[in-house]
Amino acid sequence: MIEQLRVPVIVAPMAGGGSTPELVAAVVAAGGFGFTPGGYLAAEALAEQIVRTSALTDGRYGVNLFVPGTNARPDLADYTRRVAAEAAKVGAEPGEPRWEDDQYPAKLEIVLAQRVPVVSFTFGLPSAADVGRLHAAGTEIVATVTTPAEAQHAAQLGVDALAVQGFEAGAHRGTLTDDGVSPGGGEEFGLLALIRLVTAVTDLPVIAAGGLVYGADVAAVLTAGAVAAQLGTAFLRCPEAGTSATHRAALAAGGRRTAITRAFTGRPARGLVNRFLTENTADAPVGYPQVHHLTRPMRAAAAKAGETDLVHLWAGQTYSLADEVPAAELVARLDQEARQAIERVSRRFG
């Protein structure tokens, strides 16, 4: 399905509110593709999102699921005290630092029952049994990977395509495991290098993600071997996106650099640099989703109050180049710019 898109542009599954049924539907109507995020939602809420998205589209969309990891039981006593002090500044208390499976089993049953055409996985890989069940239901499977080794592992499971994420990408890195030592959770690759390395070890279709904003970027990754480009940050300022007002304002203002941190969720993610990120990244504990739940009330209160120093502001490295335009207009522009870039390069080679 993804290889047959009229416009090879995919809106990324931005969990936590960024992606909405309206955003996905607008991109699909413009000729692209979209993923509805299942992460953080209760199973019943995901079912409602699927119903809403189906009502707005002709069915050409996918669902993304978070694969639960193991419960490492990190020691968060000191970090909880630090978060409590910060949360008090916006009238909040720290949340319960609990482990959970994100209701993955129930969500898997929902996408199977709904026969969702494409399901992508982040933070891990589905089991061989789950792959078999999804394929039996006629569902295509996309695995998110960040290294050639992860790509090989996913290919051996029998997935249908790979979402290859470069280190330029905003929000959580899709590493299958977090080594707890490296800033990015493991070896980091720029997107173009990663596409070449992955396509050298597998012939699976590749969806390229990470720092893509312009149509020329889409043309570049297609030339490098991808079948489509997946963009997230580029869509965050679209009116159809569920981006908070605080997040929108920070993106529009520009001027901040980005960095990868575990400070907000216990898992590496790229966002705009603010005080909480600066003061806590160096010794932030490894522990997702425990840290995510611990800081969540603080972040929600900060976003509501417009306090940018205590909220995660996920963004890719090229966020300052993204515009505030309707999603359909953005897809059309990306399509036109990509075609122009390809023509320009063709002329260059005579």
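Structure: see above.
1. A short note on the sheet that holds strand E1 (residues 9-11)
Alright, step 1. Taking strand neighbours around the barrel as the criterion, the 8 strands line up as E1-E2-E3-E4-E5-E6-E8-E9 in a closed arrangement whose pairing is parallel. If you compare each strand with its neighbour and ignore which way they point, the axes differ by 25° on average.
Alright, step 2. Bridge analysis of strand E6 (residues 161-165) against strand E8 (residues 206-209) gives 4 bridges, and the strand direction is parallel. Bridged to Gln 165 within E8 is Ala 209.
Alright, step 3. Its contacts with the sheet put helix H7 (residues 191-199) on strand E5 (140-145), E6 and E8, and the angle it makes with E6 is roughly 150°.

2. Regarding the nonpolar core
Alright, step 1. The biggest cluster of nonpolar side chains holds 94 residues, and the ones touching the most others in it are Leu 23, Leu 65, Val 111, Leu 162 and Phe 235.
Alright, step 2. Not counting residues up to four positions away in its chain, the partners in contact with Leu 23 are Val 11, Met 14, Gly 18, Phe 235, Cys 238, Glu 240, Ala 241 and Ala 327.
Alright, step 3. Residues Leu 5, Ile 10, Val 118 and Ala 228 belong to the second largest nonpolar core, which totals 11 residues.

3. Details of helix H2 (residues 43-56)
Residues lying three or four places apart along an α-helix face the same way, a consequence of the helix completing one turn every 3.6 residues.
Alright, step 1. Taking 1.5 Å of rise per residue, 14 residues should cover 20 Å, and H2 covers 20 Å from first to last C-alpha, within 8% of that figure.
Alright, step 2. Turning to H2, its buried residues number three or more, namely Ala 43, Leu 46, Gln 49, Ile 50 and Thr 53. Mapping the buried residues of H2 onto a view down its axis gives an arc of 110°, with all of them on the same face. Exposed residues on H2 whose side chains face more than 90 degrees from its buried face are Glu 44, Glu 48, Val 51 and Ala 55.

4. Structural notes on the sheet that holds strand E10 (residues 258-261)
Alright, step 1. Reading across the sheet, the 3 strands line up as E7-E11-E10 and stay open at both edges, with antiparallel pairing between neighbours. Strands at the two margins of the open sheet, each flanked by one partner only, are strand E7 (171-172) and E10.
Alright, step 2. Alignment of E7 against strand E11 (residues 269-272), held across 2 bridges, turns out to be antiparallel. If you follow His 172 over to E11, its bridge partner there is Ala 269.

5. Structural notes on the pairing of E5
Alright, step 1. The buried fraction of E5 is high, at 5 of 6 residues.
Alright, step 2. Two elements, strand E4 (residues 118-122) and E5, share 4 bridges in a ladder whose sense is parallel. In the strand pairing of E5, Val 118 is matched with Glu 140.
Alright, step 3. Chirality of the crossover, the property in question, places the unit of E4, helix H5 (residues 128-136) and E5 among those that are right-handed.
Alright, step 4. Taken together, the 4 bridges between E5 and E6 define a ladder with parallel strand orientation. Of the residues in E6, the one forming a bridge with Val 142 is Ala 161.
Alright, step 5. Note on the crossover from E5 through helix H6 (residues 148-157) to E6: the handedness is right-handed.

About the criteria used
- Residues numbered from 1 in each chain as written.
- Predicted model: local features only at pLDDT ≥ 70, side-chain atom pairs only at ≥ 80, totals over all residues.
- Heavy atoms only, no water.
- Pairing = 2+ DSSP bridges.
- Helix = DSSP H or I, 4+ residues; strand = E, 2+ residues; numbered from the N terminus.
- Axes fitted to C-alpha atoms, helices over the stretch in contact; angles between N-to-C directions.
- Contact = heavy atoms within 4.5 Å.
- Core = buried A, V, L, I, M, F, W, Y, C linked by side-chain atoms within 4.5 Å.
- Buried < 20%, exposed > 50% of the residue type's maximum accessible area, 1.4 Å probe, protein only.
- Expected span 1.5 Å × (residues − 1).
- Arc of directions from axis to C-beta.
- Right-handed = clockwise from strand over helix to strand, strands pointing away.

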